[in-house]
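Chains, contacts and geometry: an overview
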Amino acid sequence: MNPIAMDIQRLQREIDELALITEAEPPVVTRVLFSEADLRGREFVKKLCREAGMVLRADAVGNIFARWDGTKENLAPVATGSHIDAIPNAGKYDGVVGVLGAIEAIRALKKSGYQPQRSIDLIIFTAEEPTRFGIGCIGSRLLSGVLSPEKAATFRDRDGKSLDEWRGVAHYAGSLDSVRLPKDCYAAFVELHIEQGPVLEREKTAIGIVEKIAAPSTLRMQLTGVGGHAGGTLMPGRRDALLAGAEIALAVERAVTGTGSPDTVGTTGVFRIEPGAVNSVPCRALLEIDVRDTKVATRDAALAQIEAAAKEICQRRLVTLQSERLNVDPPAVCDSALAETVADVCRQLGVSHKKMISRAYHDTLFMAQICPSTMIFIPCRGGISHRPDEFSSPEQIETGVRILTQTLAQAAG
Ligand code: GLV
Ligand code: MN
Ligand code: MN
């Protein structure tokens, strides 16, 4: 197989340029769903797609589809894509490599003279990150039918603003019912992404081919105690919401480390208190707790243990608890034939590779429910992600884009 020429310097420049579109001070990247930075980022990506000759459309929730028309209209298209929204204090590669890398793959294929039989869609998914509404992959959940439009309509951000209001801000209109895609609407979906873990770097392997994506879940707990003057309120009888929350966070650690599975992980990533004044007893606390595992049984056991512990803690501390499961997802099993296609491409190009599990979740978790799907991972330095010092080298990115390019060509015929 002759390697297709690609312009890795241009791709790196584009990655660097998109990283400057951020709500934070560069090099920190923060692009929360439908923030001004997210909207500017979308415009940046759309411009590149247009320049690459792709035809754009967006659905009602703001998933963007950039299409390269194939010669055989009657064949199901293939798709690739990822996200450009970024959690607070993020880096510049998570999601972005799979979006800008796919644009480079398509430019390279076009330049080589290749003409696909199946159309190729690049999908830029809405809200892969859970920052605004506490739940991630809103775009791909709706696309795959895992999330109902009715449920999505109930989402509120921390200021009480709904998904519909935010869609209005971003100028995405229409009924959310129209977002869902039929099963097998795509012949294949392949997402390129940084690994967000240390395995590839440690094992000096260039490419990971994802066979399974770990099962994520999120709990939201709202604790209401009684506030008061930090000097005037004596310790006996206090109903401090923060102290109840702190005990719950420790219970999360206890639950996930006690399942007997090293794959169970739990993180209390959001812990906000009110009123947030040094001389005031915290009267309210909001916790968002992320629990994951490769196995559903141990993940669910940990979830139940955390919920029971929270109930006991709040009863004992006379704090009112409102607990909600925002999402409890099964793991995704990727398509073995498609994973084998990626492995074949690696072999033909002489690139080291291994099949692996993704511990992070991705839009592929939901695309796998409607079409044959897999992911191409590239190493990232120290396995670091969701931090400003996240890094993959231009060479590592180039290898990933190369494998994506050939995989798309094979899948699109
Ligand atoms: C995705 O960002 C995840 O949290 O796994
Ligand atoms: Mn992420
Ligand atoms: Mn990501």
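Anything mentioned here points back to the structure above.
Read on for a plain summary of the structure. (Residues numbered from 1 in each chain as written. Chains lettered and ligands numbered in written order. Predicted model: local features only at pLDDT ≥ 70, side-chain atom pairs only at ≥ 80, totals over all residues. Heavy atoms only, no water.)

Of regular secondary structure, the protein possesses twelve helices and 17 strands. Here the C-alpha radius of gyration of the protein, 22 Å, is about what a compact globule of 413 residues would show, namely 22 Å. Taken over the C-alpha atoms alone, the protein extends approximately 75 × 45 × 40 Å along its principal axes. For the protein, the residues scored as buried account for 55% of the 413 residues in total. Of all intrachain contacts in the protein linking residues separated by at least 6 positions in sequence, the fraction that spans at least 24 positions is 80%. Each charge sign in the protein was given a centre, from 48 positive and 52 negative side chains, and these centres are 1 Å apart. (Helix = DSSP H or I, 4+ residues; strand = E, 2+ residues; numbered from the N terminus. Rg over C-alpha atoms; globule rule 2.2 N^0.38 Å. Buried < 20%, exposed > 50% of the residue type's maximum accessible area, 1.4 Å probe, protein only. Contact = heavy atoms within 4.5 Å. Lys, Arg positive; Asp, Glu negative; His and termini not counted. Charge placed at Lys NZ, Arg CZ, Asp CG, Glu CD.)

When you line up the elements, alanine 251 lands in helix α8 (residues 241-257). Taking relative accessible area as the criterion, alanine 251 reaches 4% and is therefore assigned buried. For the pair alanine 251 and cysteine 346, spaced 95 residues apart in the sequence, the C-alpha separation amounts to 44 Å. When neighbours within four sequence positions are excluded, alanine 251 is seen to be in contact with Ile306, Ala309 and Ile313.

Moving on: the site of ligand 1. Every residue close to ligand 1 is listed here: Glu128, Glu129, Arg292, Ala360, Tyr361 and His386. One nitrogen or oxygen atom from the main chain of tyrosine 361 is found 2.8 Å from an oxygen atom belonging to ligand 1. Histidine 386 is positioned with one of its side-chain polar atoms (N or O) 3.2 Å from an oxygen atom of ligand 1. Relative to its unbound accessible area of 190 Å², ligand 1 is 93% covered by the protein chains. For the shell around ligand 1, the residue count by class is two nonpolar, one polar and three charged. (Near = heavy atom within 4 Å. Polar contact = N/O pair within 3.5 Å; in protein donor to acceptor, adjacent residues only side chain to side chain. Areas by Shrake-Rupley, 256 points an atom, 1.4 Å probe, with all protein chains shown as cover. Nonpolar A, V, L, I, M, F, W, Y, C, P; charged D, E, K, R; others polar.)

Our focus in this paragraph is the coordination of the manganese ion (ligand 2). The coordination sphere of the manganese ion (ligand 2) contains the protein donors Asp94 (OD), Glu129 (OE) and His386 (NE2), at a distance range of 2.0 to 2.1 Å. Distance-wise, the manganese ion (ligand 3) is placed 3.7 Å from the manganese ion (ligand 2), both being coordinated by aspartate 94. With a gap of 257 residues between them, glutamate 129 in the loop between β6 (120-124) and α4 (138-144) and histidine 386 in the loop between β17 (373-378) and α12 (394-412) connect regions that are remote in the sequence. Take glutamate 129: its relative accessible area is 6%, and that puts it in the buried class. (Donors = N, O, S within 2.8 Å, 3.2 Å for Na, K, Ca; no water.)

Now for the coordination of the manganese ion (ligand 3). Metal coordination angles in their ideal form are 109.5 degrees for the four-donor tetrahedron and 90 or 180 degrees for the six-donor octahedron. The coordination sphere of the manganese ion (ligand 3) contains the protein donors His83 (NE2), Asp94 (OD) and His193 (NE2), at a distance range of 2.0 to 2.2 Å. Considered as a linear motif, the donors of the manganese ion (ligand 3) on their single chain read H-x10-D-x98-H. With a relative accessible area of 0%, histidine 83 lands in the buried category. Here aspartate 94 falls in the buried class, since its relative accessible area comes to 9%.

Further remarks concern the sheet that holds strand β9 (residues 215-224). The antiparallel open sheet is built from four strands, whose spatial order is β11-β13-β9-β14. The open sheet has two free edges, formed respectively by β11 (265-274) and β14 (320-328), since each of these has just one partner strand. Adjacent strand axes in the sheet meet at a mean angle of 15° when their direction is disregarded. Of the pairings in the sheet, the one linking β9 to strand β13 (residues 284-293) comprises ten bridges and is antiparallel in character. Residue pairing in the sheet places threonine 224 in a bridge with arginine 284 of β13. Across the sheet, α8 touches β9, β11 and β13, and the angle it forms with β11 is around 175°. (Pairing = 2+ DSSP bridges. Axes fitted to C-alpha atoms, helices over the stretch in contact; angles between N-to-C directions.)

Applying the stated criterion to the full structure yields 29 salt bridges. The partner of arginine 167 in a salt bridge is aspartate 164, and the shortest N-O contact between them spans 2.8 Å. With arginine 167 and aspartate 164 both in helix α6 (residues 163-170) and three residues apart, this pair spans about one turn of that helix. Note on arginine 167: relative accessible area 8%, which makes it buried. Residue class for aspartate 164 comes out partly exposed when judged on its relative accessible area of 41%. Here arginine 402 ties to glutamate 398 by a salt bridge, and the two come within 2.9 Å at their closest N and O atoms. Taken as a pair, arginine 402 and glutamate 398 lie in helix α12 at a separation of four residues, close to a single helical turn. Shared partners join several salt bridges into a network, and the residues in it are Asp7, Arg10, Glu14, Glu104 and Arg107. (Salt bridge = Lys/Arg side-chain N within 4 Å of Asp/Glu carboxyl O.)

So, about unusual backbone geometry. Proline 27 follows proline 26 through a cis peptide bond whose omega is 10°. Structurally, proline 27 is set in the loop between α1 (8-19) and β1 (29-31). In this structure, proline 275 follows glutamate 274 across a cis peptide bond, with omega equal to 5°. Assignment of secondary structure puts proline 275 in the loop between β11 and β12 (280-281).

Our focus in this paragraph is the pairing of strand β4 (residues 78-82). Along β4, five of the five residues are buried, which leaves the element largely enclosed by surrounding structure. Judged by which residues are buried, β4 turns out to be covered on both faces: Val78, Thr80 and Ser82 on one side and Ala79 and Gly81 on the other are all buried. Relative to β6, β4 runs parallel, the two sharing five bridges. Pairing of glycine 81 across the sheet is with isoleucine 123, part of β6. In terms of strand pairing, β4 meets strand β7 (residues 188-194) through three bridges, oriented parallel. From the neighbouring strand, threonine 80 faces β7, where its bridge partner is valine 190.

The N-to-C vectors of α8 and helix α9 (residues 296-316) enclose an angle of 155°; their axes lie 9 Å apart at closest approach. Relative to α9, α8 is oriented roughly antiparallel. Pair α8 / α9 crosses with right-handed handedness. Across the interface between the two elements, Ala244, Glu247, Ile248, Ala251, Val252, Arg254, Ala255 and Val256 of α8 pack against Ala302, Gln305, Ile306, Ala309, Ala310, Ile313, Cys314 and Arg316 of α9. A per-class count over the contact of α8 with α9 returns twelve nonpolar, one polar and three charged. (Parallel < 35°, antiparallel > 145°, perpendicular 65-115°, else oblique. Left-handed = near helix turned anticlockwise from the far one by under 90°.)

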